[in-house]
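Geometric and topological summary
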Amino acid sequence: MAAPSWEYAPAPESAALANLEPAYRPFVDGEFVDGGGEPLKTLNPATEEVLAEVGTANQEDLDRAVTAARRAYEQVWGPMPGAERAKYLFRIARVVAERARELAVLETLDNGKPIRESRDVDVPTASAHLFHHAGWADKLGYAGLGPDPRPVGVVGAVIPWNFPLLMAVWKIAPALACGNTIVLKPAETTPLTALVLAGIAADAGLPPGVLNVLPGAGDVGAALVGHDGLDKVAFTGSTDVGKEIQRRLAGTGRRLTLELGGKAANIVYDDAPLDQAVDGVVDGIFFNQGHVCCAGSRLLVQESIEPEFMELLRARIETLRVGDPLDKNTDVGAINSRPQLDRIVDLAAAGDAEGAQRWTSSCPLPERGLFFPPTVFSGVEQTMRVAREEIFGPVLSVLTFRTPDEAIAKANNTPYGLSAGIWTEKGSKALWTAQRVRAGVVWTNTFNRFDPTAPFGGYRESGFGREGGRVGLAAYLTA
Ligand code: NDP
């Protein structure tokens, strides 16, 4: 495809909209406190400049937060009628929607994702998730989970850096709607929006102790999930840490849900609408720089259309703009942290070493900041690391298949089982495939669609438990 004969003029959002504070603090028992841990500095990955200093929690702060959450659970939030709890959640949902622009800019600064995504996906989906669960709070007896389901108690939640606000809300909204209280640890590199959300909850009058937010590194997460005062742990992050948590909680009687990694197959049959499939494959792997647990990181394309499809795909990828995440024209933003960039570089090098053919978009990269160009490996064999390991970056691995059975066998040849995509014009083939692919979420002729009414979660090394929808409530209730 010829290069466009014109360039988009830059259209940056103003960083000032984020109302960035020089310092942020942990939120414990209804107020922001000076954490006893070593403060951390959170960076803008697009510039590597410090955005703010963030106080972190030590063991004492953690104990206080868990005690406050227990008190709030027993005395206020647990006994409160669902219709009353709903009012708080509706209020928080409304303020998140009202402050959407500020939250989107703050998320983009702290995470590096394009403003188009934080504005159009992260923040609206977070608000929708809060509205959805607010609606459930007084209807739990009609959710098919018993006539009078009860909350579990105090929840400890640990979340990753790829969707900081959205993952916070995925834990907080169902936990609170069901009458639980929560202590949440955001990721070390992206603590800001969760702390602003805590401020929004405080402004909404949420009783002290119902929500506590403790920034810090992995040691704070480890101390939280191991805390005796919890009734349930909800974790989203890497499979390795998830396994460690599962080992730790075994035999404690505490409940656990894990939402872990993935290596999703995006299957394109020869009868697929190709232009639509190309866009879906691009969205599947380059959305959020590929920092998505359900990313369509393995393209399985039917051999007969591979040459044509790859040509269309490369031409489409060439049009992606990599750059300033605050620019509304940017498609692919910054990699969240230097260690993550190093991991992507290493895994891509493993692809070269194992004999896959690397193709890289010719788009220019910014001179500073953490960036990696959209990359495609073709000629990938199932044994290669780029086919097996979660790269969590803008890197697509392409494999081919001849028959539907072979597509299924290859799609399922992974220890993960989080998501899959199917592209075909035949409904019967889509259903046949969906029934055989071992993945918690299967999209047909689309990819990366998130809706609060639809349960999300995995099988095998992608974890267990569901988030969202009626089924997602079960993780936060006991019959
Ligand atoms: P982690 O699993 O280490 O981090 C997720 C969260 O857990 C963070 O808040 C982290 O804190 C915290 N944490 C770290 N160690 C522990 C522990 N022992 N006990 C409790 N909590 C802990 O993921 P990474 O950020 O290190 O990413 C590594 C890889 O994991 C990525 O390359 C990607 O492949 C995968 N990943 C998958 C995600 C998914 O959604 N499936 C999300 C993120 C990563 P801290 O931020 O301080 O490290």
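The structure under discussion appears in the preceding block.
Residues numbered from 1 in each chain as written. Predicted model: local features only at pLDDT ≥ 70, side-chain atom pairs only at ≥ 80, totals over all residues. Heavy atoms only, no water.

So, about the packing of aromatic side chains. Using the criterion set out here, one finds 10 aromatic pairs in the structure. Ring centres 5.9 Å apart and planes at 35° place the aromatic pair Phe163 and Phe287 in the tilted group. Note that Phe163 is positioned in the loop between strand 7 (154–158) and helix 5 (164–177) and Phe287 in the loop between helix 9 (274–286) and strand 13 (298–302), a separation of 124 residues in sequence. Using a relative accessible area of 7% as the deciding quantity, one classes Phe287 as buried. Ring geometry for Trp443 versus Phe450: centroids 6.0 Å apart, planes at 85°, classification edge-to-face. (Phe/Tyr/Trp six-rings, centres within 6.5 Å; stacked < 30°, edge-to-face > 60°. Helix = DSSP H or I, 4+ residues; strand = E, 2+ residues; numbered from the N terminus. Buried < 20%, exposed > 50% of the residue type's maximum accessible area, 1.4 Å probe, protein only.)

We now examine the sheet that holds strand 1 (residues 23–24). The strand order across the open sheet formed by three strands is 1-5-4, and the pairing between neighbours is mixed. Each end of this open sheet is capped by a strand with a single partner; those strands are strand 1 and strand 4 (40–44). Pairing of strand 1 with strand 5 (residues 49–54), which is carried by two bridges, proceeds in the parallel orientation. Counterpart to Tyr24 in the pairing with strand 5 is Val54. (Pairing = 2+ DSSP bridges.)

On to the site of the ligand, then. Every one of the 28 residues lining the ligand counts as a neighbour, but Ile159, Trp161, Glu188, Ser238 and Leu260 are closest to it. Between the ligand and the protein, one listed contact pairs a nitrogen atom with a backbone N or O atom of Leu260 at 2.7 Å. Burial of the ligand by the protein amounts to 87% of the accessible area it has alone, namely 850 Å². Among the elements of the structure, helix 7 (218–225), strand 10 (232–236), helix 8 (239–249) and helix 11 (338–353) are those that each provide at least two residues to the shell around the ligand. The residue inventory of the shell around the ligand, partitioned by class, reads 14 nonpolar, nine polar and five charged. (Near = heavy atom within 4 Å. Polar contact = N/O pair within 3.5 Å; in protein donor to acceptor, adjacent residues only side chain to side chain. Areas by Shrake-Rupley, 256 points an atom, 1.4 Å probe, with all protein chains shown as cover. Nonpolar A, V, L, I, M, F, W, Y, C, P; charged D, E, K, R; others polar.)

Turning to the pattern of salt bridges, a few remarks are in order. Evaluated as defined, the whole model comprises 24 salt bridges. Between Arg254 and Asp228 there is a salt bridge, with its nearest N and O atoms 3.5 Å apart. Here the residue Arg254 occupies a position in the loop between helix 8 and strand 11 (255–259), and Asp228 occupies one in the loop between helix 7 and strand 10, the gap between them amounting to 26 residues. With relative accessibility at 17%, the residue Arg254 sits in the buried group. Asp228 sits in the exposed class, given a relative accessible area of 66%. The salt bridge partner of Asp271 is Lys426, with a shortest N-O separation of 3.3 Å. Note that Asp271 is positioned in the loop between strand 12 (265–268) and helix 9 and Lys426 in the loop between strand 17 (419–423) and helix 14 (427–436), a separation of 155 residues in sequence. Under the relative-accessibility criterion, Lys426 is labelled partly exposed at 39%. (Salt bridge = Lys/Arg side-chain N within 4 Å of Asp/Glu carboxyl O.)

With that settled, consider unusual backbone geometry. Phi at Asn19 takes a positive value of approximately 50°, unusual for a residue other than glycine. Counting through the fold element by element, Asn19 comes out in the segment before strand 1. With a relative accessible area of 46%, Asn19 lands in the partly exposed category. Residue Phe392 is not a glycine yet carries a positive backbone phi of 60°. Tracing the backbone shows Phe392 in the loop between helix 12 (385–388) and strand 16 (395–401).

Moving on, we get to the side chain of Gln340. Mapped onto the elements, Gln340 comes out in helix 11. A relative accessible area of 3% places Gln340 in the buried class. Filtering out sequence-adjacent residues up to four positions away, Gln340 remains in contact with Trp161, His291, Ile335, Ile391 and Phe392. (Contact = heavy atoms within 4.5 Å.)

Grouped together as the largest cluster of nonpolar side chains are 105 residues, with contacts concentrated most on Ile92, Leu176, Leu206, Val268, Leu299, Phe309 and Leu313. Once you skip the residues sitting within four places of it in the chain, Phe309 turns out to touch Val268, Leu274, Ala277, Val278, Val281, Leu299 and Val301. The next biggest cluster of nonpolar side chains, apart from the first, holds 29 residues, and it includes Leu300, Ala348, Leu370 and Ala411. (Core = buried A, V, L, I, M, F, W, Y, C linked by side-chain atoms within 4.5 Å.)

Moving on to the pairing of strand 5. Where strand 4 meets strand 5, five bridges bridge the pair, whose relative direction is antiparallel. If you follow Thr42 over to strand 5, its bridge partner there is Ala52. Counted between consecutive antiparallel strands, the loop separating strand 4 from strand 5 contains four residues, among which Glu48 sits at a positive phi close to 65°.

These values are about where atoms sit, not about what they do.
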